[in-house]
Amino acid sequence: MAKKGLKGNSSIRRFTKDGLAFIIVAAITLEATSLVQYIFARKGIREEATMRAQSQMEAANLKIKNVIDGTETAVRGSEWIAAWTLEQPDSMIAVTRRLVNDNSIIVGSTIAVVPGYLKDRRQYAPYSLQLPGSDKIEEKSLATEEYDYPRSEWFTMPIRLQAGYWSEPYVDVGGGDILMTTFSLPIKDMKGKIAAVLTADISLDWLNSLIGNLKVYPSAFGMLVSRGGKVMAGKENDSEELKSLRKDMSSGENGQLTIDLGGEENLVYYAPVDKTGWSMAVVIPEKEVYGSFRQISFIVKILQIFGIIMLFLLLRYTAKRQAKMREISEKKERMEGELQIGRDIQMSMIPKTFPPFPERHDIDMSASIVPAKEVGGDLYDFYIRDEKLYFCIGDVSGKGVPASLVMAVTRSLFRTVSSHEKSPQRIVTTMNNSMADMNESNMFVTFFIGILDLKNGHLRYCNAGHNAPYILSDTLAKLPVLPNLPLGVMPGMAFQEQEADLKYDDALFLYTDGLTEAENANHELFGEARTEKALHGRMSAQDKLESIKTAVADYVGDAPQSDDLTMLFIHYVNDAKPDMTEKHLALHNDIKQISLLSEFIDNIAEEQKLDSSLAMSINLALEEAATNVIMYAYPKGTEGAVDLDAIIRPDSLQFVLTDSGKAFDPTAAPVADISLDVKDRPIGGLGIYLVRNIMDQVYYERKDGKNVLTMIKQI
Amino acid sequence: MEVNISKQNGITTVTLVGRLDTPASPEVEKALEPVHENATGTIVLDCKGLEYISSSGLRIFLSIRKSAAAKGGRVIVKDINNDIRSVFMMTGFLNLFEIQ
């Protein structure tokens, strides 16, 4: 068992090992799948963020561009009239006024004349201004001592570049402290010389709300940086990272990067704003981009781990269960294997080849045994010895292995005892004594033994508690049996023998109660009526048993077989010697027994309708032979048996006289001389002379320590 | 088995009735011992009632016949049935006895 246990554990280990490998593969696959998914999802999310940032920036850019273009268009539209006013400087204010009035975005406008161009005035820069929220346009002059417009960037740069120029954003001190920028366009006179600069100031307040709306994500923020790296709108922060970002932005190119702000990674997208040299940026905290995604990834990971653990536990449980099941089924298989061997051994004990005596024409037999379990307690057996068929059928109380052991013992005893014993009664008695002596388990066997003389159909039998066999003669009947007790109940029991004669074509059917007590699904018995019906009709022994088996199987259906079922069918054919009968007379060595002999002969004579002279002469011959044996075979004062068997055929009578006394061959005695005269005739010697004269054949044998004298008389 | 012995006019008549088989022989033999003394004369064995005879009975017949032969007497077997006659024939007794 210890070995078994180890085996069981190792199978669990093997399962666990397989299970672990399985789990690892599953985990790797799962992890790889989710990694790929993660990478693609992350990439997708980032692309989404990029797209959102860029599209918003593009939208903002478009708005800025519209304003810028609108402003430039308005200014360039007034270029020619501004040039014209060089000749009429007093009209300049009207031009600026109109620019401010006609373009809501333009807060202020001036035409600043290059100093010295006008002869009458050294500096001239009339300025129209409409403050936000006011519908009144003020008029001012920028040609003041403190302002000194010729040095202003918005004045110098367009002249230097000889092209329109957008100024760096600035806070206009005089114009309501708002962030402004100015577009300046150089104005040339008729000679093509730059004479003045026409400007339009626009407020950048709307940029703040525009950039402020670049909130792609809740905590994201936008930034607009001027050419010089100055923050025009959006978050202002002097951290090194933002400074370097502003520097990157002022390169005037598109870009995207990741920066660390206060310990958090941020995605940054930036793009230049057309014409202005400005650059716009959106800064998005990474955790917001990937926020919910990370959360989902985390949950997914937790679920994965949970799943793997569950898988592991499930596999382990299954492995244990399988190992256990396997152990149980191995155990069962082993047991079934052993039972199968037991069954084979049991079946090898009983004759199973049918027909069993193919060379004989006087007997047709078949037998069948169907145990309810693998092994059973039913038995049958048969064999032929000295032209006699010894057969038996038995049913051990109980079923299964214990019954099968008793069955084996019973069968061995039958073979052993019957091998040297001719009387069924003595065989049964001996078997009963052996079995009762060693019967500690109180099992018993119902048993029927028969000895059928194949020469003449004479059946001697002895029943020990078994069901009466059927005899199929002209009609179907039960063989009359004395019940007697089963074998093994009590030692020293007396069993009684019975006899019967089988005629040509008669048959015997022996069975165990597994037949009559076969149950169908409703627990109804097959019974004797069905048995008798199944026995009806003539066919070969083999076919007969098959038809009974079929009848039982049809009746029982799917119900489980409740008891062992055994049948033995013996068809006595005896076509070799029909009409032969045998009689037996047992005598002992007392001369008075001779009177029994004459009765015996008288009976035969009467049955065979012999005439009285023949009967007398036969009587005389037998008396002479028997007298010889009675008087001389055994020593004086001892008792000895003298047996006379008569075999009666229609055309002859055969007598066999047997004794166990000293060897003596009466046929070897000298033949009496009946021609002698009175004086010479010996007084004795006539007995054997008469036997020889009356009988047609007389011969003597010494056999098995016995004198056997056979005498035949033709009739 | 019945045996009767009577004498008349010097003739000894033995009447045998029944079965003279082996068990019956010793008694018959004993009963007939006196007859041997009359073997000088005529002995008639009346077998009218004799049903059966075995070799032991034949031995008794033969011993009487031997006594008569030795003493010059005469033995007459009277009225034997056919079955016994055939036994006599079989054994040569027909030649030894005077059968009437």
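Numbers given to residues run from 1 along each chain, matching the order in which its sequence is written. Chains and ligands are labelled by the order in which they are written, letters from A for the one and numbers from 1 for the other. Confidence filtering applies because this is a predicted model: local features only for residues at pLDDT of at least 70, side-chain atom pairs given and counted only at 80 or more, and all residues used for totals across whole chains, interfaces and linings.

*Asks:* So what exactly am I meant to see when it comes to the overall build of chain A here?
*Replies:* Numbered from the N terminus, helices here are DSSP runs of H or I no shorter than four residues, and strands are runs of E no shorter than two. Helix and strand content of chain A: 16 helices and 27 strands. Remark: C-beta atoms are placed from the backbone, and a residue is labelled buried if 20 or more other C-beta atoms sit within 10 Å of its own, exposed if 12 or fewer do, or partly exposed between those counts. Buried residues in chain A amount to 34% of all 715 residues. Any pair of residues counts as being in contact when their C-beta atoms, constructed from backbone geometry, are within 7 Å of one another. Contacts in chain A between residues at least 24 apart in sequence constitute 65% of all its contacts with a sequence separation of at least 6.

*Asks:* Explanation requested: the overall build of chain B in the structure shown.
*Replies:* Within chain B, the regular secondary structure consists of 4 helices and 5 strands. Among the 100 residues that make up chain B, the fraction classed as buried is 39%.

*Asks:* Explain the interface of chain A and chain B here, please?
*Replies:* How big an interface is tends to be expressed through the accessible area that disappears when the partners come together. Taken residue by residue, the interface counts 21 residues in chain A and 20 residues in chain B. At the level of elements, helix H14 (594-608), helix H15 (612-632) and helix H16 (686-694) of chain A are the ones that each hand at least two residues to the side of chain A that touches chain B. Classification used: nonpolar for Ala, Val, Leu, Ile, Met, Phe, Trp, Tyr, Cys and Pro, charged for Asp, Glu, Lys and Arg, polar for all others including Gly. In terms of residue class, the side of chain A that touches chain B is built from 9 nonpolar, 7 polar and 5 charged.

*Asks:* For this particular structure, what's the right way to read the packing of H14 of chain A against H15 of chain A?
*Replies:* Each pair of packed helices can be described by the angle between their axes along with the distance between the axes. Residue and element names in this part refer to chain A. Contact geometry for H14 and H15: axes closest at 10 Å, N-to-C directions at 145°. Seen from above, H14 lies across H15 with right-handed handedness. For the pair H14 and H15, contact is made by Ile594, Leu597, Ser598, Ile601, Asp602 and Ala605 and by Ala615, Ile618, Asn619, Leu622, Glu623, Ala626 and Thr627, respectively. Along the lines of polarity and charge, the residues of the contact of H14 with H15 split into 8 nonpolar, 3 polar and 2 charged. What counts as an axis is a line fitted to C-alpha atoms, over the stretch in contact for a helix, and the angles between N-to-C directions run from 0 to 180 degrees. Helix crossings get a hand from a simple test, with the near helix turned counterclockwise from the far one by less than a right angle marking a left-handed crossing and a clockwise turn marking a right-handed one.

*Asks:* Would you explain the environment of leucine 50 of chain B in this entry?
*Replies:* All names here are of chain B. Position of leucine 50 among the secondary structure elements: in strand S3 (residues 42-53). A count of 22 C-beta atoms within 10 Å places leucine 50 in the buried class. Those residues in contact with leucine 50 that sit more than four places away from it in its chain are Leu16, Val17, Leu20, Ile80 and Ile84.

*Asks:* So what exactly am I meant to see when it comes to the sheet that holds strand S13 (residues 363-370) of chain A here?
*Replies:* For sheets, the rule is that strands pair by backbone hydrogen bonds, running either parallel or antiparallel. Residue and element names in this part refer to chain A. Taken in spatial order, the 5 strands make up an open sheet running S13-S22-S21-S18-S19, and their pairing is antiparallel. Edge positions in the sheet fall to S13 and strand S19 (476-478), since each of these pairs with one other strand and no more. With strand direction ignored, the average angle separating the axes of adjacent strands in the sheet is 15°. Note on pairing: DSSP must find at least two bridges between two strands before they are called paired. With 3 bridges connecting them, strand S18 (residues 470-472) and S19 associate as antiparallel partners. Note that in S19 the partner of leucine 472 across the bridge is leucine 476.

*Asks:* Quick question: what am I supposed to make of the sheet that holds strand S26 (residues 697-703) of chain A here?
*Replies:* Residue and element names in this part refer to chain A. Pairing is antiparallel across the open sheet formed by 5 strands, whose spatial order is S23-S24-S25-S27-S26. At either end of the open sheet lies a strand with only one pairing partner, and these are strand S23 (581-588) and S26. When the angles between neighbouring strand axes are averaged without regard to direction, this sheet yields 15°. Looking at chain direction, S26 and strand S27 (residues 706-714) are connected through 7 bridges and run antiparallel. Along S27, the bridge assignment pairs valine 698 with methionine 711. Its contacts with the sheet put H14 on S23 and strand S24 (641-649), and the angle it makes with S23 is roughly 170°. Against the sheet, H15 engages S23, S24, strand S25 (652-659) and S27, with an angle of about 10° to S25.

*Asks:* Help me understand the nonpolar core, please; the structure alone is not making it clear to me.
*Replies:* Buried Ala, Val, Leu, Ile, Met, Phe, Trp, Tyr and Cys residues form a nonpolar core when they are connected through C-beta atoms within 7 Å. One finds Ala112, Ala196, Leu224, Met280, Ala281, Val282 and Ile284 of chain A to be the most contacted residues of the largest nonpolar core, which totals 69 residues. Sequence-distant contacts of alanine 196 of chain A, that is, excluding residues within four places in its chain, are made with Ala82, Leu86, Ile111, Ala112, Val113, Val114 and Ile187 of chain A.

*Asks:* Is there a simple way to think about the pairing of S27 of chain A in this case?
*Replies:* Across a regular strand the side chains alternate sides, sitting on one face of the sheet and then on the other. Relative to S27 of chain A, S25 of chain A runs antiparallel, the two sharing 8 bridges. Looking at the pairing, glutamine 654 of chain A lines up with isoleucine 712 of chain A of S27 of chain A.

*Asks:* Any chance you could explain unusual backbone geometry here in plain terms?
*Replies:* Leave glycine aside and you will find that most residues have negative phi; peptide bonds, for their part, are mostly trans. Cis rather than trans, the peptide bond between phenylalanine 354 of chain A and proline 355 of chain A has omega equal to -5°. Mapped onto the secondary structure, proline 355 of chain A falls in the loop between helix H8 (291-349) and S13. Phi is positive for aspartate 79 of chain B, which is not a glycine, with a value near 55°. For aspartate 79 of chain B, the location among the structural elements is in the loop between strand S4 (74-78) and helix H3 (82-91).

*Asks:* I keep staring at the environment of serine 55 of chain A and nothing clicks. Help me out?
*Replies:* Residue and element names in this part refer to chain A. Relative to the elements of secondary structure, serine 55 occurs in helix H1 (residues 2-77). Residue serine 55 is classed as exposed on the basis of its C-beta count, with 11 C-beta atoms lying within 10 Å. Once the C-alpha coordinates of serine 55 and valine 216 are considered, the two residues, 161 residues apart in sequence, prove to be 9.9 Å apart.

*Asks:* Is there a simple way to explain helix H4 (residues 153-161) of chain A in this structure?
*Replies:* The periodicity of an α-helix, 3.6 residues per turn, causes residues three or four positions apart to be oriented the same way. Residue and element names in this part refer to chain A. Residues of H4 that are buried include every one of Trp154, Phe155 and Pro158, and no others. Down the axis, H4 shows its buried residues gathered within 105° of arc, on one side only. Turned more than 90 degrees away from the buried face of H4, the exposed residues are Arg160 and Leu161. On its buried side, H4 packs onto strand S1 (106-113), strand S4 (165-166), strand S6 (178-188) and strand S7 (194-203). To obtain the arc, one takes the directions from the helix axis to the C-beta atoms.

*Asks:* Explanation requested: the confidence of the model for chain A in the structure shown.
*Replies:* Interpretation of this model should avoid reading the predicted coordinates in detail wherever pLDDT is low. Of all residues in chain A, 96% attain a pLDDT of 70 or more, and the chain-wide mean is 86. Confidence per residue, as judged by the predictor, is encoded in pLDDT with a range of 0 to 100. Long-range and interchain partners of residues 1-8 of chain A, a stretch whose pLDDT sits below 50, account for 2 contacts in this model, where long-range means more than four residues apart.

*Asks:* What exactly am I supposed to notice about the confidence of the model for chain B here?
*Replies:* Considering every residue of chain B, the mean pLDDT works out to 90; 100% of them sit at 70 or more. Here the predicted complex scores 0.41 on pTM and 0.92 on ipTM.

*Asks:* Please explain H14 of chain A as it appears in this structure.
*Replies:* Residue and element names in this part refer to chain A. For H14, built from 15 residues, the straight-helix expectation of 21 Å at 1.5 Å per residue is met to within 8% by its first-to-last C-alpha distance of 21 Å. If you check which residues of H14 are buried, you get Ile594, Leu597, Ile601, Ile604 and Ala605. Projected onto a plane normal to the axis of H14, the buried residues spread over an arc of 100° and lie on a single side. What points out from H14, more than 90 degrees from its buried face, is the exposed set Glu599, Glu606 and Glu607. Buried residues along H14 sit against S23, H15 and S24. A helix is expected to span 1.5 Å for every residue after the first.

*Asks:* So what exactly am I meant to see when it comes to the environment of glycine 229 of chain A here?
*Replies:* For glycine 229 of chain A, the location among the structural elements is in the loop between strand S8 (221-225) and strand S9 (231-234). Distance in space between the C-alpha atoms of glycine 229 of chain A and serine 279 of chain A is 8.8 Å, their sequence separation being 50 residues.

*Asks:* Can you walk me through the pairing of strand S14 (residues 378-385) of chain A in this structure?
*Replies:* Residues and elements named next belong to chain A. Two strands pair when backbone bridges link them, and S14 and strand S15 (residues 388-396) are joined in this way by 8 bridges, in the antiparallel orientation. Among the inter-strand pairings, tyrosine 380 is bridged to a residue of S15, identified as isoleucine 393. Hairpin remark: S14 followed by S15, antiparallel, with 2 residues in the connecting loop; positive phi at aspartate 386, about 50°.

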